[in-house]
Amino acid sequence: MTATLEVEDLSVRINSRRGALPAVQGVSFEVQRGQAFGLVGESGSGKSITLKALLGLLPPEAAISGGHVRLDGEDLVTASQRRLRQIRGPEMSMVFQEPMSALNPVMRVGDQIAEGPRLHLGLGRSGAAARAVELMRKVGIPDPERRFRSYPHQFSGGMRQRVMIAIALSCNPRVVLCDEPTTALDVTIQDQILRLLTALCAESGTSLVFVTHDLPVIAQVCQTVAVMYAGRILERGPVSEIFREPRHPYTLGLLRSAPNFEENRSGLVPIAGSPPSLRSLPGGCPFHPRCPFATEDCSTAATELRVVAADRVTACIHDDRALHAQLLQPVIS
Amino acid sequence: MTDRAAATEPILTARAVSVSFDTGGTLADRFRRRERVLRAVDGVDLDLRRGEALALVGESGSGKSTFAKAAAGLIPPSGGEFAFEGRTLGARRDRSDTRRIQMVFQDPYSSLNPRMTVGQMLRELLKFHSVVPADQVAAEAARLIVAVGLTEDALHAYPRQFSGGQRQRVAIARALALRPDVLIADEPVSALDVSVQATILNLLDELRARMNLTLLFIAHNLAVVHHLCDRVAVMYLGRIVEVAPTGELFTSPRHPYTRGLLDAIPRLTDTRTGMAPALEGDPPSPLALPSGCRFRTRCPMAAPVCARVDPQLRTSPDARLPGQSFEHAVACHFAFGERPDEERPSPVEQRNAEPAPVERPSRR
Ligand SMILES: Nc1ncnc2c1ncn2[C@@H]1O[C@H](COP(=O)(O)OP(=O)(O)OP(=O)(O)O)[C@@H](O)[C@H]1O
Ligand SMILES: Nc1ncnc2c1ncn2[C@@H]1O[C@H](COP(=O)(O)OP(=O)(O)OP(=O)(O)O)[C@@H](O)[C@H]1O
Ligand code: SF4
Ligand code: SF4
Ligand SMILES: [Mg+2]
Ligand SMILES: [Mg+2]
């Protein structure tokens, strides 16, 4: 069976005044029909740029510099702008990270949701409006008939985020790219949205790519997860295995820096140091300046992903050290 | 840790603060005389104590950002008032009050000037408010940007050149630049990965210890709230329904909404989607509030009295209840173990001589 979405060796460059920056380098993953794929990683690691590249929505200074994006076999990297416009919405859609920058401030929210169904599903004015109201209800906006006529600034942060989700789902796409779709939602509404998305996967066979910093949210929705750092994937595999037993020191660091309800307020342990600047990426393993397990080999080591178990890959040459550290202190006790 | 939790002196006080928006409505709405005014915040009393971190959590759309903006002086309350160090704040705040109460917005994209580099923006602000001597302005800007975990490179970039989380840190640096006494932070870490989030939380903790910074912290991530805050206030539809010291709120929540909220927290190890949802039903429209208790349409404990009487925030009549202190206030008729007795009027009702119209809760 071929995957619904197949990303192969994708690279993106951003042109700046001081040269081209490698924002995404050789990213590969697959999402099967009805499955959800999670993408996590530090702020600035290239998650949003990757999603925008899939849909051909990169800012003007950025461009795909290599690789393939296949939607049911069709290569989107070489597709025409015209074809991409047909795809966006009814075939593959996106929930953007910052709703205010993606919504039209002078258009009523209901009309913004109804726009897609009118253009792509051939619905008339009232049919599209009815669909918009139904979607607003599904994403938990109270009193949708009346809130239909509001403008984005009249909505709360979380309500705008739900409008974005309604727009993304409005034309029944095969793939939905979700960039931090629930960060502005309280946990009860988040729960409702996650249920809605998992039901879509199970019932309509929709595939999801899900970017979030909230690792437990990934555990709720996704089957597979990849960890990104400085534009590259460092580890990839089934969620249940990666969160229980990471095989990359960076993943381990991420899991350990999350606040939880057990620790008493003794200060959190962020990963030491800060993410590298894209202008001066370290050679060898990009994580080596911050890695507690680094050896001399790491600054020259190859960074290819290695298969370490069924469906599991890691870029760390000393993944046994990350495993060993967990013998003393498991991630999940 | 200092014993900051023991701080009691209020620095910023909200007295019966309400904020309403005129939603205009359609011609048909006007014709039918339907409610057009949306009461986003409806009579909130809250003390922010010097040096504490108070969390404001609750339903999306319950009025947290609106309350925060009113507290920061960005929208005038339509009822009630704020007091700062005991002084009532007028509708227009002077430069010093503005500097001393700073806010980080939920949506950093729309709150940063797109035509200024981050360095220009910070330097201008530092000069305008004379935070440091003129010859130290550039160094201070660099110090701030490093403190929020970015590199000095960031000073030369425009807001659009950042990732979402980087932009949020720029917004935090801007608010901290003015060395405020009170920082109102609306979802300041929700776009940050856990590692950077830890850096920012540690920075806020340090500022509280070193500069006695007071924090009103709005967040949806309850693990973060649990970690950072001394007290938690829970909002539902424009009202505060529960306030308590953090430990107490998480171990013995007393409002049914708070319990639903805590039950819905996702965990790393199990999936919730197989289980029943923590809260049934949809939140009612803020334009057509239910009579009596606003949570009754979704409350598993609702009784007829809940439709008649609007419960007010009250502390326990008996502080000997387990896990209960006088610091813990709840707006529910049955918060402290009172039986939901169908026949007997509630204690509140007994005090209110005037009988209110009876209405059945529209619960299914
Ligand atoms: N228009 C742009 N011009 C220059 N650099 C950019 C631009 N957009 C993004 N970048 C840079 O590219 C990198 C990746 O950005 P991206 O938005 O993909 O990060 P992200 O992983 O989504 O982070 P976050 O979790 O903070 O949203 C960042 O270092 C960012 O500064
Ligand atoms: N300018 C406005 N005009 C009309 N209604 C508004 C306006 N701003 C906010 N509202 C309404 O007020 C209510 C409270 O909004 P607010 O932004 O304070 O919620 P919130 O608690 O911050 O939610 P979230 O967690 O989703 O950010 C919402 O119903 C919203 O639609
Ligand atoms: S390759 Fe070396 S530096 Fe990189 S993560 Fe593994 S041990 Fe650390
Ligand atoms: S007052 Fe009644 S409806 Fe409201 S929270 Fe308490 S039990 Fe539920
Ligand atoms: Mg992003
Ligand atoms: Mg808000």
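Residues numbered from 1 in each chain as written. Chains lettered and ligands numbered in written order. Predicted model: local features only at pLDDT ≥ 70, side-chain atom pairs only at ≥ 80, totals over all residues. Heavy atoms only, no water.

**Q** Before we go on, may I ask you to explain unusual backbone geometry in this structure?
**A** Residues other than glycine predominantly adopt negative phi, and peptide bonds predominantly adopt the trans conformation. All names here are of chain B. With phi around 45°, Ser 130 is a residue other than glycine that occupies positive phi space. Phi angles above zero are rare outside glycine, and Glu 187 is one such case at about 55°. Following the sequence through the fold, Glu 187 ends up in the loop between strand 7 (182-186) and helix 8 (194-211). (Helix = DSSP H or I, 4+ residues; strand = E, 2+ residues; numbered from the N terminus.)

**Q** Looking at this model, I keep getting lost on the sheet that holds strand 3 (residues 53-58) of chain B. Mind explaining?
**A** Strand pairing within a sheet occurs via backbone hydrogen bonds; the two strands may be parallel or antiparallel. Residues and elements named next belong to chain B. Spatially, eight strands are ordered 6-7-8-3-9-10-12-11 in an open sheet, and the strand pairing comes out mixed. Strands with a single pairing partner mark the edges of an open sheet, and in this sheet they are strand 6 (101-104) and strand 11 (314-315). Where strand 3 and strand 8 (residues 214-218) come together, four bridges link them in parallel fashion. When the bridges of strand 8 are listed, Ala 55 appears paired with Phe 217. Each of strand 6 and strand 7 is contacted by helix 7 (residues 164-177), which is oriented at about 175° to strand 6, the strand it contacts most. With respect to the sheet, helix 11 (residues 256-263) is in contact with strand 3, strand 9 (231-236) and strand 10 (239-245), its orientation differing from that of strand 9 by roughly 105°. (Pairing = 2+ DSSP bridges. Contact = heavy atoms within 4.5 Å. Axes fitted to C-alpha atoms, helices over the stretch in contact; angles between N-to-C directions.)

**Q** What exactly am I supposed to notice about the sheet that holds strand 12 (residues 312-314) of chain A here?
**A** Residue and element names in this part refer to chain A. Strands sit in the order 6-7-8-3-9-10-12-11 across an open sheet of eight strands; the sheet is mixed. Each edge of the open sheet carries a strand with a single partner, namely strand 6 (92-95) and strand 11 (306-309). Neighbour-to-neighbour, the strand axes of the sheet open up by a mean angle of 20°, direction not taken into account. Bridge count for strand 7 (residues 175-179) against strand 8 (residues 207-211) is five bridges, and the pairing is parallel. Looking at strand 8, one finds that Leu 177 is bridged to Val 209.

**Q** Would you mind going over the interface of chain B and chain A with me for this structure?
**A** Put simply, an interface is often sized by how much accessible area is lost when its parts join up. Opposite the 74 residues of chain B that make contact, chain A presents 62 residues. For the pair chain B and chain A, the summed buried area comes to about 5,400 Å², and 55% of that belongs to carbon and sulfur atoms. Of all residues in chain B, Val194(B), His227(B) and Leu268(B) give up the largest surface area on contact with chain A, accounting jointly for 13% of the area buried on that side. The interface formed by chain B and chain A holds three salt bridges in total. Two residues, Arg279(A) and Asp153(B), come together in a salt bridge whose shortest N-O distance is 3.8 Å. At the level of secondary structure, the elements contributing two or more residues to the side of chain B that touches chain A comprise helix 4 (108-111), helix 7, helix 8, helix 9 (222-228) and helix 11 of chain B. (Buried area = accessible area lost by both parts, 1.4 Å probe. Salt bridge = Lys/Arg side-chain N within 4 Å of Asp/Glu carboxyl O.)

**Q** Can you walk me through the site of ligand 1 in this structure?
**A** Looking at ligand 1, there are 19 residues lining it, with Ser43(A), Ser48(A), Glu61(A), Ser163(B) and Gly165(B) nearest. Chains contributing residues near ligand 1 are chains A and B. In this structure, an oxygen atom belonging to ligand 1 sits 2.8 Å away from a main-chain N or O atom of Gly44(A). Contact distances for ligand 1 include 3.2 Å between an oxygen atom and a backbone N or O atom of Ser45(A). Looking at the shell around ligand 1, the elements with two or more residues in it are helix 1 (47-54) of chain A together with helix 7 of chain B. Residues belonging to the shell around ligand 1 are distributed by class as follows: three nonpolar, twelve polar and four charged. (Near = heavy atom within 4 Å. Polar contact = N/O pair within 3.5 Å; in protein donor to acceptor, adjacent residues only side chain to side chain. Nonpolar A, V, L, I, M, F, W, Y, C, P; charged D, E, K, R; others polar.)

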